[in-house]
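So the chains spell out like this:
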Amino acid sequence: MLCRCVLLFFILCSNLCLSQTLESSLYSKSNLLNDIKHRKQIESYYLGFSDIKSNLCLKVDSLFDVCSFNEIVAFINDTSHVLKYYAFQYIASKNDSFAYEELKRNIWDTTLLFTQQGCYFETMRFNELLVHEYIQFLEFKYCTGGTIGCNNKVYNYGKPNKKIWRKKRRELIQLLMKNRMDMQTFKYL
């Protein structure tokens, strides 16, 4: 009888703790999401001369750690360009074909955004930021290959495939030309 009472007490306490943990994680998830949505600038992972980690990027990492891939994909349709940018970056690192479709959908968006890359500040168009991210991950995966460290993360892409790299590069150049993007911005392609 005592064992049953102890077991029942343990189950009740566990359920209470679990429900509080779930509520607090949902609360922190919504807080992170709201904080990111209200930001007005894009930041690189490290800022300044002393490589201080970006508070914004740490929050994005924390949010994406508790979100499913489908939730992150849904962020691309948000009104916040900051959230859309980081969601696109995440998607491009995981699935370049899906990222290309999202790039085509957002190629018209020329909203100006303030960016801080290390010690360097500039204003860039949203569509140009997406193109830069897409190109970076294409190069990592198909041109460079292997293990790549970027933005405080490690990506394992295996052997490079130059044939796919050339095909996807051509596809991207055609998209940029079709949408009359300034090719001087992407002269390294």
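Residues numbered from 1 in each chain as written. Predicted model: local features only at pLDDT ≥ 70, side-chain atom pairs only at ≥ 80, totals over all residues. Heavy atoms only, no water.

(A) View of the nonpolar core. Core analysis: the biggest nonpolar cluster contains 47 residues, and Leu63, Phe64, Phe75, Tyr86, Phe88, Leu103 and Tyr134 have the highest contact counts within it. If one sorts the elements of this core by residue count, helix H6 (residues 126-144) sits on top with 10 residues. Not counting residues within four places of it along the chain, the set of residues in contact with Phe64 comprises Ile72, Phe75, Tyr86, Ala87 and Tyr90. (Core = buried A, V, L, I, M, F, W, Y, C linked by side-chain atoms within 4.5 Å. Buried < 20%, exposed > 50% of the residue type's maximum accessible area, 1.4 Å probe, protein only. Helix = DSSP H or I, 4+ residues; strand = E, 2+ residues; numbered from the N terminus. Contact = heavy atoms within 4.5 Å.)

(B) Examining the packing of aromatic side chains more closely. Tallied over the full model, the rule gives 10 aromatic pairs. Between the aromatic rings of Phe137 and Phe140, the centroid separation amounts to 5.6 Å while the plane-to-plane angle is 90 degrees, which identifies the pairing as edge-to-face. Of this pair, Phe137 and Phe140 both sit in helix H6, three residues apart, which is roughly one turn of the helix. Looking at Phe137, the relative accessible area reads 2%, which means it is buried. Members of the aromatic cluster, connected to one another through ring pairs, are Phe64, Phe69, Phe75 and Tyr90. (Phe/Tyr/Trp six-rings, centres within 6.5 Å; stacked < 30°, edge-to-face > 60°.)

(C) Representation of H6. The end-to-end C-alpha distance of H6 is 26 Å, a good match for the 27 Å that 19 residues give at a rise of 1.5 Å each. Leu138 marks where H6 bends most, by close to 25 degrees. Positive backbone phi, approximately 70 degrees, marks Gly145, located one or two places after H6. (Expected span 1.5 Å × (residues − 1). Bend = angle between axes of the 7 residues up to and from the residue.)

(D) How the structure looks around the pairing of strand S3 (residues 112-118). Pairing between strand S1 (residues 41-47) and S3: four bridges, direction parallel. Bridge pairing links Glu43 to Gln116 in S3. Bridging between S3 and strand S4 (residues 120-125) involves six bridges; their strand directions are antiparallel. By the bridge assignment, Thr115 is partnered in S4 with Glu122. Taking the residues that link successive antiparallel strands as the turn, the S3-S4 hairpin has one residue. (Pairing = 2+ DSSP bridges.)

(E) Inspection of the sheet that holds S3 at higher detail. On the basis of which strands lie adjacent, the open sheet formed by four strands has the order S2-S1-S3-S4 and mixed pairing. Strands with a single pairing partner mark the edges of an open sheet, and in this sheet they are strand S2 (52-53) and S4. Across the face of the sheet, helix H2 (residues 55-65) comes into contact with S1 and S2 while running at roughly 95 degrees to S1. Contacting S1, S3 and S4, H6 crosses the sheet at an angle of about 105 degrees to S4. (Axes fitted to C-alpha atoms, helices over the stretch in contact; angles between N-to-C directions.)

(F) Structural view of a positive patch on the surface. On the surface, Lys162, Lys163, Arg166 and Arg170 cluster together to form a positively charged patch. In this fold, Lys163 is placed in helix H7 (residues 162-178). (Patch = residues over 30% accessible without salt bridge, like charges linked within 9 Å, V, L, I, M, F, W, Y side chains within 5 Å. Areas by Shrake-Rupley, 256 points an atom, 1.4 Å probe, with all protein chains shown as cover. Salt bridge = Lys/Arg side-chain N within 4 Å of Asp/Glu carboxyl O. Lys, Arg positive; Asp, Glu negative; His and termini not counted. Charge placed at Lys NZ, Arg CZ, Asp CG, Glu CD.)

(G) Representation of the side chain of Asp78 within the structure. Within the fold, Asp78 resides in the loop between helix H3 (69-74) and helix H4 (81-94). A polar contact of 3.1 Å, which involves the side chain of Asp78, links it to the side chain of Lys37. Setting aside chain neighbours within four positions, we find Asp78 in contact with Lys37, Leu83 and Lys84. (Polar contact = N/O pair within 3.5 Å; in protein donor to acceptor, adjacent residues only side chain to side chain.)

(H) Broad picture of the side chain of Ser93. Mapping Ser93 onto the fold places it in helix H4. According to the relative accessible area criterion, Ser93 is buried, its value standing at 8%. Within the structure, the side chain of Ser93 is placed 2.7 Å from the backbone oxygen of Tyr90, a separation counted as a polar contact. Residues contacting Ser93, with those up to four places away along its chain left out, are Phe137, Tyr155 and Tyr157.

(I) Expanded view of the confidence of the model for the chain. Per-chain confidence: the chain averages 84 in pLDDT, with 82% of residues scoring 70 or above. The element-level mean pLDDT for the chain is lowest in helix H1 (residues 2-37), coming to 60, with H4 highest at 95. (pLDDT = per-residue confidence, 0-100.)

(J) Representation of the pattern of salt bridges in the model. Scanning the model with the defined rule gives 11 salt bridges in all. Asp96 serves as the salt-bridge partner of Lys141, at 3.1 Å between the closest nitrogen and oxygen. You can see Lys141 sitting in helix H6 and its partner Asp96 sitting in helix H5 (residues 96-106), a full 45 residues away along the chain. What makes Asp96 buried here is its relative accessible area of 5%. Salt-bridge contacts for Lys167 lead to Glu171; the nearest nitrogen and oxygen are separated by 4.0 Å.

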